[in-house]
Amino acid sequence: DHEATTTDDVLATLAPLDLTLNSLALVALSGVWGGLPRGDTTLDDDEREPSFLPASFIAHHDVYAAPITSLEAQRMADDVVPEPNSGEKKPEQDPAWWSLVSDLAHRGFTLGKLLDFYDDLGKVHMPWFDPDRSTTSDVVRAAIIPASRARLSRLSAAGVDEPGCPTANLANADLAMAVLLMDGQPLMPERMVTHNWSNLFCHLVAAIIADALEVRSYDPIAQKLKNPYKIKSVREDLASKDLLGTTYWVCALSVNQHRGICGKSFESDKVSGKKHAVCDCPTKKDFAGAMCEMNKFDDMMGLISKRR
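Residues numbered from 1 in each chain as written. Predicted model: local features only at pLDDT ≥ 70, side-chain atom pairs only at ≥ 80, totals over all residues. Heavy atoms only, no water.

K.L.:
In this structure, what is going on with the sheet that holds strand S1 (residues 109-110)? I would like to understand it.
P.N.:
Strand pairing in a sheet takes place through backbone hydrogen bonds and is either antiparallel or parallel in direction. With mixed pairing, three strands are arranged side by side in an open sheet as S1-S3-S2. The open sheet has two edge strands, S1 and strand S2 (191-193), and neither has a second partner. Sheet analysis places S2 next to strand S3 (residues 247-250), joined by three bridges and oriented parallel. Bridge pairing in S3 links Met 192 to Trp 249. (Pairing = 2+ DSSP bridges. Helix = DSSP H or I, 4+ residues; strand = E, 2+ residues; numbered from the N terminus.)

Shown next, in the form of structure tokens:
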């Protein structure tokens, strides 16, 4: 009885503290302690500079305008001459780091373009695609990586390689799939989606569509996506609600896989049973440092949240 009474006393003492902490967390998440009210995108000059960006970088680049491309960032990194005995430059001191953060933050894509890509699976890309078996990893390896490697015809058709085009210097680079989907035009996303590489790609797309439609379950949408004849009805539903232009950022599509995982393969395709093909692109792989795309998610989300 004494132990029970002691436990009850402790719980009674902690209850107000727990309520206070939860209340403070709720207020913090609401944004009332900082930032702009929802819907207000007007920023004074002194508010436009995110505190996490170095002043030297802000002085030379408008981080809220079109992004600096990966190629430009690479050139900036190549031009950096380390000071004697200075060691590796810290991220906050490296303009190449923040150039790539800005580039990543502008790799959004519209829901309509995502649906176009999904509809091409089994036809233009990855002929053996099976919505009931093909995982996100399978689609990245067998569709996204090859498609973003064979890119010149689509970019040329979009005028990307024309003189004076703002993305002309991307025409000869291995790209993120999102850049291809948007024909090289930079786009900051409204929403970001995390995913599990071993889950079905069909479910990932269905979940994104469910988010746009603001429905609680993606299963009915997934069932339609499994039927090629019903994908049109999904598109029509989104179009009727003016949602095809909703913008998203997804790692599998928005990260340039040619700068990371494309050169090695350790798994087999769930449908064909064959080991995932290895890409032979010459793009340099970066798994750390200023030119790595996988170590900048926190900074990228910070930039997007400031902009949005």
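K.L.:
Quick question: what am I supposed to make of unusual backbone geometry here?
P.N.:
As a rule of thumb, non-glycine residues mostly have phi less than zero, and peptide bonds are mostly trans rather than cis. A positive phi angle, near 55 degrees, is found at Asp 183, a position not held by glycine. Mapping Asp 183 onto the fold places it in the loop between helix H8 (177-181) and S2. Of note in the backbone geometry, Asp 242 takes a positive phi value of approximately 55 degrees without being a glycine. If you trace the backbone, Asp 242 turns up in the loop between helix H11 (231-240) and S3.

K.L.:
I would appreciate a short explanation of the nonpolar core in the present structure.
P.N.:
A general trend in soluble globular proteins is that nonpolar side chains are found buried together. Ranked by size, the top nonpolar core spans 49 residues in total, and within it Phe 117, Ile 209 and Leu 225 carry the most contacts. Among the elements of the structure, helix H5 (111-120), helix H6 (136-149), H8, helix H9 (201-213), helix H10 (219-225), H11, S3 and helix H12 (251-254) are those that each provide at least two residues to this core. The element contributing the most residues to this core is H9, with ten residues. Each residue touching Phe 117, except ones within four places of it in the same chain, is listed here: His 125, Val 139, Ala 143, Ile 144, Met 177, Leu 181, Phe 201 and Leu 253. Of all hydrophobic cores here, the second largest spans 16 residues; its members include Leu 100, Val 101, Cys 251 and Ile 304. (Core = buried A, V, L, I, M, F, W, Y, C linked by side-chain atoms within 4.5 Å. Buried < 20%, exposed > 50% of the residue type's maximum accessible area, 1.4 Å probe, protein only. Contact = heavy atoms within 4.5 Å.)

Without other data, these values stay purely geometric and don't point to any function.
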